[in-house]
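# Structural characterization, general
The chain contents come next:
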Amino acid sequence: MEQVKLGIIGIGNMGSAHCASILNGQVPDITLTAIADLRESRRQWAKTALPAYVAVFQDGESLITSGLCDAVLIATPHYDHPRLAMLAMKHHLHVMCEKPAGVYTKQVREMNEAAAESGQVFGMMFNQRTNCIYRKLHEIVHSGVYGKIKRMSWLITDWYRTQAYYNSGGWRATWDGEGGGVLLNQCPHNLDLLQWICGMPCRVRAFCHNGKWHDIEVEDDVTAYLEFPNGATGVFVTTTADAPGTNRLEITLEKAKLVAEGSRLTLYELEISEREHCFQTKEGFLKPPCHETEVILDGQNPQHTGVLNAFADAILRGGPLVADGTEGIRGLELSNAMHLSSWLGETVTLPIDEELFLEKLNALRAASVKKENVTETTFDTSTSYGSPKTADLSR
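Per chain, the residues get numbers from 1 upward, laid out in the order the sequence is written. Whole-chain, interface and lining totals are the exception, using all residues; otherwise, since this is a predicted model, local features are given only for residues with pLDDT of at least 70 and side-chain atom pairs are given and counted only at 80 or more. To obtain the side-chain values, all non-hydrogen atoms of the structure were used and water was disregarded.

### Here's the deal with helix H11 (residues 303–317)
- Numbering of helices and strands runs from the N terminus; a helix is a DSSP stretch of H or I covering at least four residues, while a strand is a stretch of E covering at least two. Helix span, as expected, comes to 1.5 Å for every residue beyond the first. With 15 residues, H11 extends 21 Å from end C-alpha to end C-alpha; this agrees with the ideal 21 Å at 1.5 Å per step.
- The classification of residues rests on relative accessible area computed with a 1.4 Å probe and restricted to protein chains. Under 20% of the type maximum is buried, over 50% is exposed, and intermediate values are partly exposed. Of the positions making up H11, those classed as buried are Gln303, His304, Thr305, Gly306, Val307, Leu308, Ala310, Phe311, Ala312, Ala314 and Ile315.
- The contact rule is simple, with two residues in contact once any of their heavy atoms fall within 4.5 Å. The secondary structure elements touched by the buried residues of H11 are strand E1 (4–9), helix H1 (13–23), strand E2 (30–36), strand E4 (71–74), strand E5 (94–97) and strand E6 (122–124).
- In the stretch just after H11, Gly318 is the one whose phi turns positive, near 75°.

Here you go:
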């Protein structure tokens, strides 16, 4: 195999962007051979905008069984991710899945089991793991040089969305169509990074406000308190309604603090561990000496094309993925825990009660209202995942 023959299922905002990056030669080991979309408008767009050799299918099932592809990229509404992934694996196709892995962990657990049995390459589109800031954070925290995590806080409010965005699709921002709001659509990246860098919390208390700032039925404003197995605590705050927004991640360790904001990663390094200093000093207010430095980064931030290039390399040459598909369940469990905590009005322990979560979700789906005033729109997503804000990461 010289190139991976890829089919993209779902050519909305992200699917269209993936088409463009492949056709523009940014992923040289992949050739686009087919697309599928349930919407006639998007199929007509494909027939005029894409090369004639790209086959156009009415649904993912037809694409998967066509024999035209070695792999599929799933970029459909969230509920369909596990179903289509499992069908593709059954037909011996490699799978790249857009975030989130699914809507509820019980469904995703079945997908992960199918992936393990299939032996196919299975990746998640966690493109923010390619950002040099988060790669360096992961490296520093996991090195253990500065001790254990004591506290983390992430204020991530630069996911601004207008009402026009939510009106752009009948499935968007509904319990039955999307399964959640900011936690399930925008924040899978942040929740994945949170667990990748800091580990999984063991207890969560969250407050999810549905339709607080937009005319939608799902959450658009969230504040969550986290507890970790080692005693560390954390706060996660997000919304799609703040302008200007903030993206500030702080991680306090025993001998340092790391702050990621904008294009900078700052290290506040203590000369002595705070835990040692606390019990050794005879002074009541004396802080341990601290030195502030800007962490030097490699400047690399390939985003989606980085994930796709690694995916192709894994298929063709056995190289490493940016994120193995089975890892998608971790951030989703954190999202599910926040939802369940808010629904119950109490702290929940991880792993969550999957049956209880599904019961509550299905009740919301049953009461979900069909949206009116929908104006089907496909947006340009090229500026929505950090490109302009992180283009100068090497400075």
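### Focus: the sheet that holds E2
- The rule for pairing is simple: two strands pair if DSSP sees at least two bridges between them. Pairing in this open sheet of six strands is parallel, and the strands run E3-E2-E1-E4-E5-E6 from one edge to the other. At either margin of the open sheet sits one strand with a lone partner, and together these are strand E3 (55–57) and E6. On average, adjacent strands in this sheet sit at an angle of 25° to one another, irrespective of strand direction.
- In this description, a line fitted to the C-alpha atoms serves as the axis of each element, helices being fitted only across the stretch in contact, and the angle between N-to-C directions of two axes falls anywhere from 0 to 180 degrees. The sheet contacts of H1 involve E1, E2 and E4, and relative to E2 the element is tilted by about 150°.

### Some points on the packing of aromatic side chains
- Ring pairs shown here join Phe, Tyr and Trp side chains whose ring centres sit within 6.5 Å, with only the six-membered ring taken for Trp; geometry is labelled stacked below 30 degrees between planes, edge-to-face above 60, and tilted in between. With the rule as written, the count across this model stands at five aromatic pairs.
- Considering the side-chain rings of Tyr134 and Trp154, the 5.9 Å spacing of their centres and the 45° angle between planes classify their relative orientation as tilted. Separated by 20 residues along the polypeptide, Tyr134 in helix H6 (residues 132–143) and Trp154 in strand E7 (residues 149–156) bring together distant segments of the chain. In this pair, the class of Tyr134 matches that of Trp154, namely buried.
- Measuring from ring centre to ring centre gives 5.2 Å for Trp343 and Phe357, while their planes differ by 25°; the resulting arrangement is stacked. A residue pair is termed long-range when its members are at least 10 positions apart, and Trp343 in helix H12 (residues 328–344) and Phe357 in helix H13 (residues 354–366) qualify at 14 residues.
- When the ring centre of Phe207 is taken as origin, the NZ or CZ atom of Arg205, which lies over that ring, is 4.2 Å away.
- The positively charged end of Arg365 is found above the aromatic ring belonging to Tyr79, 3.8 Å away from the centroid. In this scheme, the term charge over a ring applies when either NZ of a lysine or CZ of an arginine sits within 6 Å of the ring centre and within 35 degrees of the ring normal.

### What about unusual backbone geometry?
- Here the amide bond leading from Ala243 into Pro244 is cis, since omega sits at -5°, within 30 degrees of zero.
- By the secondary structure assignment, Pro244 is in the loop between strand E10 (233–239) and strand E11 (247–253).
- Following Leu350, the chain continues to Pro351 via a peptide bond in cis, the omega torsion being 0°.
- Residue placement: Pro351 occurs in the loop between strand E15 (348–349) and H13.
- The backbone phi angle of His92 is positive, close to 65°, even though this residue is not glycine.
- Of note, Gln303 is a non-glycine position whose phi angle comes to about 55°, a positive value.
- Within the fold, Gln303 resides in helix H11.
- The class of Gln303 is buried, set by a relative accessible area of 4%.

### Some details on the packing of H12 against H13
- For the pair H12 and H13, the least separation of the axes is 10 Å and the interaxial angle reads 70°. It follows that H12 is roughly perpendicular to H13 by the angle criterion. Contact residues: H12 offers Asn336, His339, Leu340, Trp343 and Leu344, while H13 offers Leu356, Phe357, Lys360, Leu361 and Leu364.
- When residues are grouped by polarity, Ala, Val, Leu, Ile, Met, Phe, Trp, Tyr, Cys and Pro land in nonpolar, Asp, Glu, Lys and Arg in charged, and all others, Gly among them, in polar. Across the contact of H12 with H13, the residue classes tally to seven nonpolar, two polar and one charged. Note on terminology: angles under 35 degrees are roughly parallel, angles over 145 are roughly antiparallel, angles of 65 to 115 are roughly perpendicular, and the others are oblique.

### Some points on the sheet that holds strand E9 (residues 219–227)
- Read across the open sheet, the nine strands follow the order E14-E13-E12-E11-E7-E10-E9-E8-E15; overall the sheet is mixed. Edge positions in the open sheet fall to strand E14 (290–294) and E15, since each of these has one partner strand only.
- Note that strand E13 (residues 264–270) and E14 share five bridges and pair antiparallel. The partner of Tyr268 across the bridge, within E14, is Glu292.

### Notes on the packing of helix H5 (residues 105–118) against H13
- Packing of H5 against H13 leaves a shortest axis separation of 9 Å and a crossing angle of 120°. Between H5 and H13, the angle is such that the two are oblique. Contacts between H5 and H13 involve Thr105, Lys106 and Arg109 from the former and Glu354, Glu355 and Leu358 from the latter.
- The residue inventory of the contact of H5 with H13, partitioned by class, reads one nonpolar, one polar and four charged.

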